[in-house]
Amino acid sequence: MTQKYRITLLPGDGIGPEIMSVTVEVLKVIGKQCDIQFEFSEALMGGAAIDATGEPLPADTLEMCRNSDAVLLAAIGGYKWDNLPRHQRPETGLLALRSGLGLFANLRPATILPQLVDASTLKPEVVAGVDIMVVRELTGGIYFGKPKGVFATETGEQRGVNTMAYTSAEIDRIGRVAFETARKRRGKLCSVDKANVLEVSQLWRDRIILLSSEYPDVELSHLYVDNAAMQLVRAPKQFDTIVTGNLFGDILSDAAAMLTGSIGMLPSASLGASGPGVFEPVHGSAPDIAGQDKANPLAQALSAAMMLKYGLNELAAAEKIEQAVMQVLDGGYRTGDIMSDFSGTLGMKMLGCRAMGEALIGVLENSNND
Ligand code: IPM
Ligand code: MG
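Note that the structure is a prediction, hence the values are computed from the model and not measured.

Rules of the game
- Residues numbered from 1 in each chain as written.
- Chains lettered and ligands numbered in written order.
- Predicted model: local features only at pLDDT ≥ 70, side-chain atom pairs only at ≥ 80, totals over all residues.
- Heavy atoms only, no water.
- Helix = DSSP H or I, 4+ residues; strand = E, 2+ residues; numbered from the N terminus.
- Expected span 1.5 Å × (residues − 1).
- Buried < 20%, exposed > 50% of the residue type's maximum accessible area, 1.4 Å probe, protein only.
- Axes fitted to C-alpha atoms, helices over the stretch in contact; angles between N-to-C directions.
- Parallel < 35°, antiparallel > 145°, perpendicular 65-115°, else oblique.
- Left-handed = near helix turned anticlockwise from the far one by under 90°.
- Contact = heavy atoms within 4.5 Å.
- Nonpolar A, V, L, I, M, F, W, Y, C, P; charged D, E, K, R; others polar.
- Core = buried A, V, L, I, M, F, W, Y, C linked by side-chain atoms within 4.5 Å.
- Domains from an automatic or database assignment.

1. Quick word on helix α10 (residues 298–311)
Since one α-helical turn is 3.6 residues long, residues separated by three or four positions face the same way.
And step 1. Here α10 is 14 residues long and its end C-alpha atoms lie 19 Å apart, about the 20 Å a rise of 1.5 Å per residue gives.
And step 2. Across the 14 residues of α10, eleven count as buried, placing the element largely inside the fold.
And step 3. Those residues of α10 that fall on the buried side of the exposure criterion are L298, A299, Q300, A301, L302, S303, A304, A305, M306, M307 and L308.
And step 4. The positive-phi residue at the C-terminal boundary of α10 is N313, with phi of around 55°.

2. Details of the packing of helix α6 (residues 168–184) against helix α7 (residues 199–212)
And step 1. Direction vectors running N to C along α6 and α7 enclose 50°, while the axes themselves pass 9 Å from each other. When the axis of α6 is compared with that of α7, the two are oblique. Relative to α7, the crossing made by α6 is right-handed. Where α6 abuts α7, its residues S168, I171, D172, I174, G175, R176 and F179 lie against L203, W204, R207, I208, L211 and S212.
And step 2. Taken together, the residues that form the contact of α6 with α7 break down as seven nonpolar, three polar and three charged.

3. Description of the nonpolar core
And step 1. Grouped together as the largest cluster of nonpolar side chains are 91 residues, with contacts concentrated most on I7, L72, I132, M265, L308 and I321.
And step 2. Here this core spans two domains, and each of domain 1 (1–102 + 273–370) and domain 2 (109–265) adds at least three residues to it.
And step 3. Non-local contacts of L308, meaning those with residues more than four positions away in its chain, are made with L27, I30, F38, N313, E314, A317, A318 and I321.
And step 4. Counting residues in hydrophobic clusters, the runner-up holds 14 residues, among them A43, L62, C65 and I76.

Written out as structure tokens, the structure is:
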């Protein structure tokens with residue numbers, strides 16, 4: 001029987017619409033091959049929504065997301081909206097989407113594909129074989145803690161305030177996702193905090209240690225966030241799964257992403273306890289190359305694979321996308337961001353965004369004829 005899914009598409013800003021349209025074409029092919037019917041509806045989000053409605057996450061966009069089986073997001077933001085008041089910024093819309101859908105768990109894999117070892121700025125022997133999953137808490141911590149704001153002091157100065165706060169329940173639920181994730185991988189979990197300085201981090205560490213008694217098969221370690229940043233670039237292969245709070249996870253996931261040579265390759269999944277997840281590339285909207293057909297659509301395609309795997313439980317379809325990405329890379333196809341210094345001499349072919357999408361569809365259609 002044909003499976004049907006309602007997918008909300010949020011193409012957003014900058015390169016967002018370009019990489020989204022490639023990915024939708026890929027999903028249509030996958031749908032035919034795997035007997036899945038995708039019903040796509042597009043909604044406004046980010047700068048595009050601000051221009052059209054004055055708000056970065058219009059209520060009907062959130063409603064449409066809530067009523068779908070999964071949300072595929074491309075990227076939001078750009079110089080044009082950087083100086084608007086905070087409540088009107090594209091980023092505020094993204095935070096509202098995460099919190100509105102209760103997406104407390106953000107999975108950000110950083111896997112070095114053998115084809116791209118040379119695209120990393122680090123030595124091949126340091127990065128070859130890296131396979132890390134960052135589990136970032138996404139709806140708490142300093143991004144959402146109160147009080148927050150800029151207040152006048154008694155002496156007439158201004159004082160900016162944000163609050164890093166976690167309840168034990170918030171720590172436990174992300175902790176469980178992380179232990180479960182580690183269990184399905186290589187069984188190692190590193191919890192990252194700043195417990196040497198911050199009370200909130202001490203609670204984080206205490207709760208993670210308490211939880212670990214339920215997961216005796218997972219090997220737990222702890223690192224302070226500064227040391228974790230250093231270890232990620234010094235010896236990244238020591239990591240399997242990392243769990244950390246919202247702000248530390250934001251920073252460390254960018255660092256982990258860059259081990260792979262380009263943030264343009266990395267997908268992510270944001271999941272709640274129930275309801276639709278949001279699947280989006282880790283990279284931003286790259287306004288500097290928007291509209292030039294230069295963007296790398298592979299992180300968006302891989303986000304669709306995460307959607308199929310984590311959001312819709314369509315494992316075979318997810319695997320098809322992952323395999324197709326591997327095959328186009330094996331075929332020597334590269335977008336500009338993943339061309340290494342040696343790529344030219346190794347006979348790599350540089351493609352634009354649309355042509356990369358066509359290459360993906362080409363291998364998908366070929367593989368189906370085998
Ligand atoms: C990310 C981004 C967002 C974040 C911004 C755009 C609000 O950097 O998804 O990592 O800080 O979470
Ligand atoms: Mg970030």
